Amino acid sequence: MTLAPSPLTDVPVLDVDPFSHEVLEDPLPMHEQLREAGPLVYLSRYDVFAVARYADVHAALVDWQEFESGAGVGLSNFRTEEPWRPPSLLLEADPPRHDAPRRVLGKVLGPRALRQLRDGWAEDAEQLVDEVLAAGTEFDAVPTLSEAFPLRVFPDAVGIGKDGRENLLPYGDHAFNAFGPANDLVAKGAPRVAELSAWVGQQCLREALTDDGFGAAIWAAADRGEITPNQAPLVVRSLLTAGVDTTVHAISAILYALATNPDQWARLTADPSLARVAFDETIRWESPVQTFFRTTTTDVRLGDTVVPAGRKVLMFLAAANRDPRRWTDPDRFDLGRDPSGHVGFGMGLHQCVGQHVARLEAEAVLTALARRVRTIELAGPAQRHHNNTLRAWGSLPVRLTVG
Ligand code: OVM
């Protein structure tokens, strides 16, 4: 290992590429290498710093004053580079500007709204599982369950029209790729960016939204003066960007975890109330959102090193979620552990505002499956879908037994 000079001491230099296909296929060995190298490392390929241990990722996430989001939470620095779309008012903003949009979205996605959705989503999940099982017990779970359920309930909950919903997944996939370097994954999405962005933008307008969804509730907050009318469409855009691919890949991750850990599936069917912990243990174990960046606002001391102001720091949420310094037997998918405290949804004031919506979706699907399905196993090789930020399955052949 070589060492880069720094004001206080030397920092380990690694030439790994976290966004290469080899690493995206299986990032776990690189995560261990990053954690073991030290509390802070320097990634020479991208000229950025990185943290991968739980304590350091957690510390950076909660320190919004020294680690800002307003310069973008991807590799690109918005102070020096043009963003590919107008920055998010939530994800890519800091206090005080961040706070009004966050407060509005927090209320729109709050306990009251979710109470109104719970029973309907439970019925929708029962219906989907009935339809799927009627068609057969061997299928690819990615399109059939992971994509089908969120697409059945979430766009309706936001209140967008029926046309063009097939654009949601490609748009989200590109948005999450765009946090990484301008590699082949970003190039693959580039030809459709203008078209997809225009469609998403149309869906965010007041007149495109039903009067009873999350979208209308955001516009109502603008009418009350809680955000400005020009902020409303961008807040709706956050729902459409962050709310689909994430839940799809989380559900795939749950199904893979349970299909490959039959003892944990048996536990769940014996006690379906474990659906909740199954969801959070999956977010810890798989970390559908693997990484985000922050940018230092000042010289920040990390371990024995000073990261200069204005530098990008890559936070490995997924590596923190399997740090043996924090978790017992971290690679084990275990419904008996308490996964709370994981950083799969981030931590601090940006922590995922939609996590209760995601949890409700996952619980609905899992509960419906647990009531009908006795066993679930892989029926063929599962295939990864590579994305610069998301850990995802592209194909998940499963075989179920019923009764
Ligand atoms: C946003 C947003 C929030 C979280 C994740 C994300 C694309 C986007 O506000 O647009 O990923």
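Residues numbered from 1 in each chain as written. Predicted model: local features only at pLDDT ≥ 70, side-chain atom pairs only at ≥ 80, totals over all residues. Heavy atoms only, no water.

With that out of the way, let us pick up the site of the ligand. Surrounding the ligand, one finds R85, S88, L91, A175, F176, F179, S238, T241 and A242. Its free accessible area being 300 Å², the ligand has 89% of it covered by the protein chains. For the shell around the ligand, the elements supplying multiple residues, two or more each, are α7 (168-177) and α11 (232-242). At 3 residues, α11 tops the list of elements feeding residues into the shell around the ligand. (Near = heavy atom within 4 Å. Areas by Shrake-Rupley, 256 points an atom, 1.4 Å probe, with all protein chains shown as cover. Helix = DSSP H or I, 4+ residues; strand = E, 2+ residues; numbered from the N terminus.)

Attention now moves to helix α13 (residues 262-270). Listed in full, the buried residues belonging to α13 are Q264, W265 and L268. Looking down the long axis of α13, one finds its buried residues gathered within 105 degrees of arc, a one-sided arrangement. The exposed set on the far side of α13, more than 90 degrees from its buried face, consists of P262 and A270. Packed against the buried residues of α13 are α12 (245-259), α14 (275-286), α16 (355-372) and β11 (373-378). (Buried < 20%, exposed > 50% of the residue type's maximum accessible area, 1.4 Å probe, protein only. Arc of directions from axis to C-beta. Contact = heavy atoms within 4.5 Å.)

This paragraph deals with the pattern of salt bridges. In the structure shown here, the tally under the stated rule is 25 salt bridges. The shortest N-O distance in the salt bridge between R224 and E226 comes to 2.8 Å. In this structure, E377 and R399 form a salt bridge, with 2.9 Å as the shortest nitrogen-oxygen distance. Taken together, the positions of E377 in strand β11 and R399 in strand β14 (residues 397-402) put the pair 22 residues apart, joining distant regions of the chain. Each of the salt bridges in this network shares a partner with another, and the network as a whole consists of E126, D130, R371 and R372. (Salt bridge = Lys/Arg side-chain N within 4 Å of Asp/Glu carboxyl O.)

Attention now goes to the pairing of strand β7 (residues 291-296). Taken across its 6 residues, β7 has 6 buried, putting it largely inside the fold. Burial along β7 is two-sided: T291, F293 and T295 facing one way and F292, R294 and T296 facing the other are all buried. Taken together, the 5 bridges between β7 and strand β10 (residues 312-316) define a ladder with antiparallel strand orientation. Note on β10: the bridge partner recorded for F293 is L314. (Pairing = 2+ DSSP bridges.)

Another aspect to go through is helix α5 (residues 111-135). Every α-helical turn comprises 3.6 residues, leaving residues that sit three or four positions apart pointing alike. Taking 1.5 Å per residue, 25 residues should reach 36 Å; α5 reaches 35 Å between its end C-alpha atoms and fits that length. In the structure, α5 departs most strongly from a straight axis at R118, where the bend amounts to approximately 35 degrees. Every buried residue of α5 is accounted for by A113, L114, L117, W121, A125, E126, L128, V129, V132 and L133. Just past α5, the residue G136 takes up positive phi, approximately 150 degrees. (Expected span 1.5 Å × (residues − 1). Bend = angle between axes of the 7 residues up to and from the residue.)

This part covers the pairing of β10. Burial within β10 is extensive, with 5 of its 5 residues counted as buried. The two faces of β10 match: K312, L314 and F316 on one face and V313 and M315 on the other face are all buried. In this structure, strand β4 (residues 48-51) lies alongside β10, joined through 3 bridges in parallel fashion. Considered in β10, the bridge of F49 is made with V313.

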